[in-house]
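Spelled out from the first residue to the last, the chains are:
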Amino acid sequence: MSPPVLELKNIAKSYGHGDVFADISFSVSEAESIGLFGESGCGKTTLGRCIMQLERQSAGTILLDSLDPTRLSSRKRRESRQSYQMIFQHPEVSLNPKMTLAQSVTELLMVHKKICFDEAMDTIQPLINRVGLRNEHLARYPHQLSGGEVQRAVLARIFSLQPKLIIADEPTSMLDVSVQAQVLRLMKELQNETGVAYVFISHDPDVISAMCDRIFWLSKRTWRLYDKSTFISQVKEDYTSSKNV
Ligand SMILES: Nc1ncnc2c1ncn2[C@@H]1O[C@H](COP(=O)(O)OP(=O)(O)OP(=O)(O)O)[C@@H](O)[C@H]1O
């Protein structure tokens, strides 16, 4: 069995006014999706940002592909960075408003692979079609696209780097329900085709149980790891007891 893509060992985060969370440990393997669930403010995004090295955890160790990124040279860290990507909640901030879609989707490839625009375009063309966008979309700016089209473009941009792990932070919460279902289905299909692992962040129990087999429930500075069926029964139980209060 291959080693986990991501391993968290006793992670804690504090902003100086008490721990947001503490002692979190779990691992994620290739082609696996783990959910981060919990009410607003419980620390889901903060944990995602720590995994992405956008913030430093207050304690504990994060291993990406068995390596601690804080111990890598800056060159190695830059190289490994392309394997770990994040999708954000708000489609409108995911892409540069001053760049056309063609410029945005080729940008990461040009930076990481050091290739020119035309080469990047050749590489990404099949992915543009795969995520359900048409060539006519490429000349448009983000404000000329729907939220669903922007998230599809974000997926093409990220998958062009063949990532091993994607932190998806509420990637569909700003979308209509029918578009949400299409984007989630696309994410699952891309996972089946590439073996990417997801850390899927959501406060929506239906979305998270559709996407993940294991769900990590953060609540009041504690946490518990559920399998999907236990998670669904626990959500039902909480919902019923809150209605009876
Ligand atoms: N840079 C920061 N400085 C101080 N406190 C912060 C900072 N970033 C986040 N927090 C606090 O950490 C806690 C967790 O925030 P976080 O955004 O991770 O929650 P969340 O579970 O993702 O919430 P939501 O579902 O609403 O996005 C909150 O109380 C927030 O105010």
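So, how was this worked out
Residues numbered from 1 in each chain as written. Predicted model: local features only at pLDDT ≥ 70, side-chain atom pairs only at ≥ 80, totals over all residues. Heavy atoms only, no water. Axes fitted to C-alpha atoms, helices over the stretch in contact; angles between N-to-C directions. Helix = DSSP H or I, 4+ residues; strand = E, 2+ residues; numbered from the N terminus. Parallel < 35°, antiparallel > 145°, perpendicular 65-115°, else oblique. Left-handed = near helix turned anticlockwise from the far one by under 90°. Contact = heavy atoms within 4.5 Å. Nonpolar A, V, L, I, M, F, W, Y, C, P; charged D, E, K, R; others polar. pLDDT = per-residue confidence, 0-100. Buried < 20%, exposed > 50% of the residue type's maximum accessible area, 1.4 Å probe, protein only. Polar contact = N/O pair within 3.5 Å; in protein donor to acceptor, adjacent residues only side chain to side chain.

1. Looking at the packing of helix α5 (residues 117-130) against helix α6 (residues 147-159)
Argument step 1. Where α5 meets α6, the axes come as close as 9 Å, and the angle between the chain directions of the two elements is 140 degrees. Relative to α6, the element α5 lies oblique. Where α5 crosses over α6, the two elements pack in a sense that is right-handed. Mapping the contact onto sequence places Ile 124, Leu 127 and Ile 128 in α5 and Ala 156, Arg 157 and Phe 159 in α6.
Argument step 2. Its residues placed into classes, the contact of α5 with α6 shows 5 nonpolar, no polar and 1 charged.

2. Focus on the confidence of the model for the chain
Reading predicted coordinates in detail is not appropriate for stretches of low pLDDT.
Argument step 1. Per-residue confidence for the chain gives a mean pLDDT of 91; residues scoring 70 or more make up 97%.
Argument step 2. Listed scores for the predicted complex are pTM 0.91 and ipTM 0.95.

3. Here's the deal with the side chain of Asp 68
Argument step 1. Inspection of the secondary structure puts Asp 68 in the loop between β4 (59-64) and α2 (74-81).
Argument step 2. By relative accessible area, Asp 68 is classed as buried at 17%.
Argument step 3. Polar side-chain contacts of Asp 68 include one of 2.7 Å to the side chain of Thr 70.
Argument step 4. Apart from the residues within four sequence positions on either side, Asp 68 is in contact with Thr 61, Ile 62 and Leu 63.

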